[in-house]
Amino acid sequence: MELIKQLAALAGLQDSYVHAQGHTEHISLDKQQAILSAMGFDLSSEHSIQQHIATLTEQPWLEVLAPVTVCRQGEPLRLRLQQLQTEAKSDWQWHIVTEEQQQFSGSLTIAAKDISARHTTAKGEVLAAELTLELSLPLGYHQLTLSSGTAQYQQQLIITPQRCFQLHDKAVLHKTFGPAIQLYAVKSARNWGIGDFIDLQQMVAPLAKQGVDFIGLNPLHALYPELPQDCSPYSPNSRLWLNTEYVALEHTDEYQQCAAAQQQVNSESFQQRLQQLRATTDVDYIGVAAVKKDIATLLFAQFKQQQLAKNTPRAAEFNRFVQQAGASLRQLALHQVLQGKLFAQDWSMAAWQNFPAELRDPNGAAVAGFAREHADAIELQLYLQWQAQLQLADVKRLCQQHGMAIGLYCDVAVGTSRSSAESWGAPEDYLLDLSVGAPADIMAPKGQNWGLLAYNPQTLRQKAYRPFIELIQANMRYAGALRLDHVMALLRLWCCPIGADATAGAYIRFPAADLFAILALESQRNSCVVIGEDLGTVPVEISHLMAQYQVLSYRVFMLEQKAGSYDHAAQTYPELALATVSTHDMPTLVGYWQEHDLALRHQLDLFPNPQVADSLYQLRADEKRLMAERLHLSDGDYAQLVRASHLFTAQQPAKLLAFQLEDLLLMATPVNIPGTSTEYPNWRRKLTQNIDEILTSGDVLELIAAIKTARQ
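Quick caveat, the model's predicted, so the values are computed rather than measured. (Residues numbered from 1 in each chain as written. Predicted model: local features only at pLDDT ≥ 70, side-chain atom pairs only at ≥ 80, totals over all residues. Heavy atoms only, no water.)

Draft legend 1. Spatial organisation of the overall build of the protein. When helices and strands are tallied, the protein shows 26 helices and 25 strands. Here the protein has a C-alpha radius of gyration of 27 Å; the compact-globule value for 712 residues is 27 Å, and the two agree. The 712 residues of the protein split such that 58% are buried. Each charge sign in the protein was given a centre, from 54 positive and 73 negative side chains, and these centres are 4 Å apart. (Helix = DSSP H or I, 4+ residues; strand = E, 2+ residues; numbered from the N terminus. Rg over C-alpha atoms; globule rule 2.2 N^0.38 Å. Buried < 20%, exposed > 50% of the residue type's maximum accessible area, 1.4 Å probe, protein only. Lys, Arg positive; Asp, Glu negative; His and termini not counted. Charge placed at Lys NZ, Arg CZ, Asp CG, Glu CD.)

Structure follows, in structure tokens:
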């Protein structure tokens, strides 16, 4: 038992946590063992456990130089040099090459006073020296080389700012606001049954005219074009690239020149299909993907014949995009085609772990052969990704032209899908046999298992945090604000073995201080405000780090139905926060008041026992009574409920305010029910009106104007 506890502590597995209700929960030994096994530890004998303990204890001491050091600008640059006493050298040369190719060099001599620690390992005693370089480096990612004779070691130096970017850094001093939109749910007379980037473009001018500072979006991550039914934006194929179903194909250059595509789109049968796709209450992802694939294939054939074959400037622009995108985009495109071909043969091959053995390695000969054989299909995916980037870049430019203080407020999912191109391309980056979720709380009394992968914290450090850096860079590319779903993941993630439910989980720790510092660096570089979704079980360390780095908190009116939240509203919705009335994971305001969400949870058996159900019904009755009293509501007047809730929240100090369009439309059905997958049609429900009708509706415009006034 003691050995398991010791191994768990070294592996970053927590044996207890503070529950959302305030009491301490202890993780049983059998659950710890199951998670350690899933992390790859052999627990079959005391000897193997002791070997793991010895390895994890000694590994940090046997690094002469750590792979990465994160240092805040203005603080001393400290190096820790570790050497076996029998091989220790005193004289070292250091050389630093900055991002901008500036070069700095010098020498170090280690004296007895520099030895800060000693540790006995199987290889002998290790001496650790703490050294300081008297050097002021610019912000960024720099390379340190340390050498002594023939020995040479390298380290990534990451110099970070004190905090994240804030709106006042570019002289935006007013409180901002904007809608939060599920892009796929947008209806219009022109789209093909799913909201797209042209719908988004066409929202910018009318919203900017109303004084809106940003448009909030669901994650735009790449999904599965050959498995369109896997539609959750929070269970992505790649968080580095975009969902190409959002490309408006008829707005590409190729469409303007492709007679075959125009003829097909304008045909009576195709127009009927589009009308049917537009008319559905829920997005018909399979139908949308089919019509888009038909036309995209014609457009790429046109591009290949008229541009690539002739090596035109447009072809050069595409080739430059693909080259700069690098291996992750090629692997995504390859995975999308390969997964589709294999899935057509056997549905179990949706997951790359079930691919034939020779196709599980993206760098193997069999995959290279497949790529040659299906080059056109892969190039089509690259072409669509290029078009997605161009159309979204146009939206960003339009937001800037119309004077929006923020522009796009984007969202990044907490993990990647287990069957994703992300994990296929770099399996070593993830804990492949664990699934991310959350322990039980008031929103999900049975806990949640999201079926997502967590980074492997050991690999993350060995790679000098490169996977995390690339993730943040990709998602800030078009964003003026970025929401990190489940920001607690930077400190710890609730993980359970594949196939187990959320109650079998425990927390695994991550290097939060370094990750927050890197987040601040990218935030400043991209002039991007950062919002941390800190709902659920929030450890005090996260609150401290968010305050230190000025990551905005996420405050939800519907979760703050306590007398103190009204009496001390300025503390409940502080300046360093994004305030919102409801979220995509919650019922709409009308659904909340009608208790539609509780009825659905009862129907779907999401309550662990009748007592919990009864307590939640009682809690809702108490909350509604408090809201009615404090907001002077008349029962059944939903327009008044929506207006009063939004104006109360809008008046608070929070720098950002988001409102859900479905609330303004008095919609009752939720977009997502946490803890469900097939039980409820999550991520499908459309808005009830076309977007142009919504943005010209007198009632909607009047409420937006009132929100603007309340923000002032």
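Draft legend 2. Focus on the pairing of strand 12 (residues 214–217). With burial as the criterion, each face of strand 12 is covered, one bearing Phe214 and Gly216 and the other bearing Ile215 and Leu217. Across two bridges, the pairing between strand 11 (residues 176–181) and strand 12 is parallel. Within strand 12, the residue paired with Ala180 across the bridge is Gly216. Taken together, strand 11, helix 4 (residues 197–209) and strand 12 form a β-α-β motif whose crossover is right-handed. Here three bridges tie strand 12 to strand 15 (residues 407–412), and the two strands are oriented parallel to one another. For Gly216, the partnering residue across the bridge sits in strand 15 and is Tyr409. (Pairing = 2+ DSSP bridges. Right-handed = clockwise from strand over helix to strand, strands pointing away.)

Draft legend 3. Representation of unusual backbone geometry. Of note, the phi angle at Ala171 is positive, near 65°, even though the residue is not glycine. Mapped onto the secondary structure, Ala171 falls in the loop between strand 10 (151–160) and strand 11. Residues other than glycine seldom take positive phi values, yet Ser527 does so here, at roughly 45°. Note on placement: Ser527 falls in the loop between helix 16 (512–525) and strand 22 (529–532).

Draft legend 4. Inspection of the packing of aromatic side chains at higher detail. In this structure the tally under the stated criterion is 24 aromatic pairs. Ring geometry for Trp192 against Phe270: centres 5.5 Å apart, planes inclined by 75°, an arrangement best described as edge-to-face. Of this pair, Trp192 sits in the loop between strand 11 and helix 4 while Phe270 sits in helix 7 (residues 268–279); the two residues are 78 residues apart in sequence, bridging distant segments of the chain. Ring plane angle 65° and centroid distance 6.2 Å describe the contact between Tyr383 and Trp386, whose orientation is recorded as edge-to-face. (Phe/Tyr/Trp six-rings, centres within 6.5 Å; stacked < 30°, edge-to-face > 60°.)

Draft legend 5. The sheet that holds strand 17 (residues 434–438), seen in detail. Read from one edge of the open sheet, five strands run 16-18-17-20-21, paired in antiparallel fashion. Only two strands of the sheet have a single partner each, and these edge strands are strand 16 (416–417) and strand 21 (506–509). Bridging between strand 17 and strand 20 (residues 492–497) involves four bridges; their strand directions are antiparallel. The residue of strand 20 that forms the bridge with Leu434 is Pro497.

Draft legend 6. Looking closely at the pairing of strand 18 (residues 448–453). With two bridges joining them, strand 16 and strand 18 adopt antiparallel strand pairing. In the strand pairing of strand 18, Thr416 is matched with Leu453.

Draft legend 7. Molecular detail of the sheet that holds strand 7 (residues 115–121). Taken together, the three strands give an open sheet; going across it, the order is 4-8-7, and neighbouring strands pair in antiparallel fashion. The sheet is open, and its two borders are formed by strand 4 (77–84) and strand 7, each paired with just one other strand. Taken over all neighbouring pairs, the strand axes of this sheet differ in orientation by 20° on average, direction set aside. Strand direction decides the pairing type here: strand 7 and strand 8 (residues 124–133), joined by six bridges, are antiparallel. Note on strand 8: the bridge partner recorded for Ile115 is Ala129. (Axes fitted to C-alpha atoms, helices over the stretch in contact; angles between N-to-C directions.)

Draft legend 8. Up close: empty space enclosed by the protein. One pass over the structure, following the stated rule, counts eight cavities of 30 Å³ or more. Considering only enclosed or pocket space, the largest cavity measures out at about 230 Å³ in volume. The leading source of residues in the lining of the largest cavity is helix 15 (residues 466–476), at three residues. Per-class residue counts for the lining of the largest cavity are 17 nonpolar, two polar and two charged. (1 Å grid on protein atoms, 1.4 Å probe; cavity = no way out; pocket = protein on both sides within 12 Å on 5 of 7 lines; lining within 4 Å. Points joined across faces, edges and corners; volume = space filled by probe spheres on them. Nonpolar A, V, L, I, M, F, W, Y, C, P; charged D, E, K, R; others polar.)

Draft legend 9. Quick peek at helix 21 (residues 596–603). Where helix 21 is concerned, the buried positions are Asp597, Leu598, Leu600 and Arg601. Burial along helix 21 is one-sided: seen end-on, the buried residues are contained in an arc of 160°. In helix 21, those exposed residues whose orientation departs by more than 90 degrees from the buried face are His602 and Gln603. Elements in contact with the buried residues of helix 21: helix 20 (589–593) and helix 22 (610–631). Two residues or fewer past helix 21, Asp605 is found with a positive phi of approximately 60°. (Arc of directions from axis to C-beta. Contact = heavy atoms within 4.5 Å.)

Draft legend 10. A look at the packing of helix 4 against helix 12 (residues 375–401). Remark: helix 4 packs on helix 12, axes separated minimally by 9 Å, with the N-to-C direction vectors making an angle of 5°. One element, helix 4, and the other, helix 12, form an angle in the roughly parallel class. Where helix 4 approaches helix 12, its residues Phe197, Ile198, Leu200, Gln201 and Val204 are matched on the opposing element by Ala388, Gln391, Leu392, Asp394, Val395, Leu398 and Cys399. A per-class count over the contact of helix 4 with helix 12 returns nine nonpolar, two polar and one charged. (Parallel < 35°, antiparallel > 145°, perpendicular 65-115°, else oblique.)

Draft legend 11. Layout of the environment of Gln618. If you trace the backbone, Gln618 turns up in helix 22. Given a relative accessible area of 45%, Gln618 falls into the partly exposed group. Along the backbone, Gln618 and Gln401 are 217 residues apart, and their C-alpha atoms lie at a distance of 50 Å.

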